[in-house]
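One-letter residues, chain by chain:
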Amino acid sequence: MSALEGALAAPAVSDLERWVQRVHVAAVELAGDFREHVDITEAPDGLHREVLEASPRLSGAVATLTSEHALIRGQVDSLLSRVTLSGGFGDVDRVRDLGTALLGRLVRHRQRGSDLVFEAYEFDIGGET
């Protein structure tokens, strides 16, 4: 996420091709990291299954996080389609808007995931509330 944030914030006017390449590489890396996150959380023996076994009452929160995965994947795909290395490119402002919207959704998703883990494990095992 920080690589994409840095790439989006870099000046684009002096060398647009380099800027596009940097954003593209950061977005590809983020896409791979996000696929790994989905695999870890949604696998049959993944985090979401563990949470549901520990705290079935959190099924709504798990469903919300799972549905966000599709939305985030769509945002990643949209960003990648705008910054291809084959010469196709949308405008800088649009790419920055897409990228910052994606980063905002990821931050909120990460926060909800942290809340879920806290609720499932800290609360249920007698941690501080």
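Please refer to the structure placed before this passage.
Reading guide: rules and limits
Residues numbered from 1 in each chain as written. Predicted model: local features only at pLDDT ≥ 70, side-chain atom pairs only at ≥ 80, totals over all residues. Heavy atoms only, no water. Helix = DSSP H or I, 4+ residues; strand = E, 2+ residues; numbered from the N terminus. Buried < 20%, exposed > 50% of the residue type's maximum accessible area, 1.4 Å probe, protein only. Areas by Shrake-Rupley, 256 points an atom, 1.4 Å probe, with all protein chains shown as cover. Core = buried A, V, L, I, M, F, W, Y, C linked by side-chain atoms within 4.5 Å. Contact = heavy atoms within 4.5 Å. Axes fitted to C-alpha atoms, helices over the stretch in contact; angles between N-to-C directions. Parallel < 35°, antiparallel > 145°, perpendicular 65-115°, else oblique. Left-handed = near helix turned anticlockwise from the far one by under 90°. Nonpolar A, V, L, I, M, F, W, Y, C, P; charged D, E, K, R; others polar. Salt bridge = Lys/Arg side-chain N within 4 Å of Asp/Glu carboxyl O.

S.K.: Explain the overall build of the protein chain here, please?
M.R.: Along the backbone of the protein chain there are 5 helices and 0 strands. Of the regular secondary structure in the protein chain, the N- to C-terminal order runs α-α-α-α-α. For the protein chain, the proportion of its 129 residues judged to be buried stands at 33%. Within the structure as shown, the protein chain displays about 7600 Å² of accessible surface, and the carbon and sulfur contribution to it stands at 53%.

S.K.: I'm lost on the nonpolar core in this one. Help?
M.R.: As a rule of thumb, nonpolar side chains are buried together in soluble globular proteins. By size, the foremost hydrophobic cluster in this structure holds 25 residues, and its most contacted members are Leu4, Leu8, Trp19, Val23, Leu79, Val95 and Leu102. Counting only elements with at least two residues in this core, the list comes to α1 (2-9), α2 (16-42), α4 (59-82) and α5 (92-123). Sorting elements by how many residues they give to this core places α2 first, with 9 residues. Contacts of Leu79, omitting those with residues within four sequence positions, involve Leu4, Ala27, Val95, Leu98, Gly99 and Leu102. Counting residues in hydrophobic clusters, the runner-up holds 6 residues, among them Val51, Val62, Leu65 and Ala120.

S.K.: Explain the packing of α1 against α2 to me, please; I cannot follow it from the model alone.
M.R.: Two quantities define a packed helix pair, namely the angle between the helix axes and the distance between the axes. Relative to each other, α1 and α2 sit at 165°, their axes nearing to 8 Å. In terms of their interaxial angle, α1 and α2 are classed as roughly antiparallel. You can see that α1 and α2 cross each other, and the crossing is left-handed. Side by side, α1 and α2 meet where Ala3, Leu4, Gly6, Ala7 and Leu8 of the first sit next to Trp19, Arg22, Val23, Ala26, Ala27 and Leu30 of the second. The class makeup of the residues in the contact of α1 with α2 is 9 nonpolar, 1 polar and 1 charged.

S.K.: For this particular structure, what's the right way to read the pattern of salt bridges?
M.R.: Any two side chains of opposite charge can pair, given that their charged atoms come close. Following the criterion strictly, the structure yields 2 salt bridges and no others. A salt bridge links Glu119 to Arg57, with the shortest nitrogen-to-oxygen separation between them at 3.5 Å. Here Arg57 lies in the loop between α3 (47-54) and α4 and Glu119 lies in helix α5, a separation of 62 residues in the sequence. By relative accessible area, which is 46% here, Arg57 ends up partly exposed. Between Glu68 and Arg112 there is a salt bridge whose closest N-O contact spans 2.5 Å. Of this pair, Glu68 sits in helix α4 while Arg112 sits in helix α5, and the two are 44 residues apart along the sequence. Under the relative-accessibility criterion, Arg112 is labelled partly exposed at 34%.

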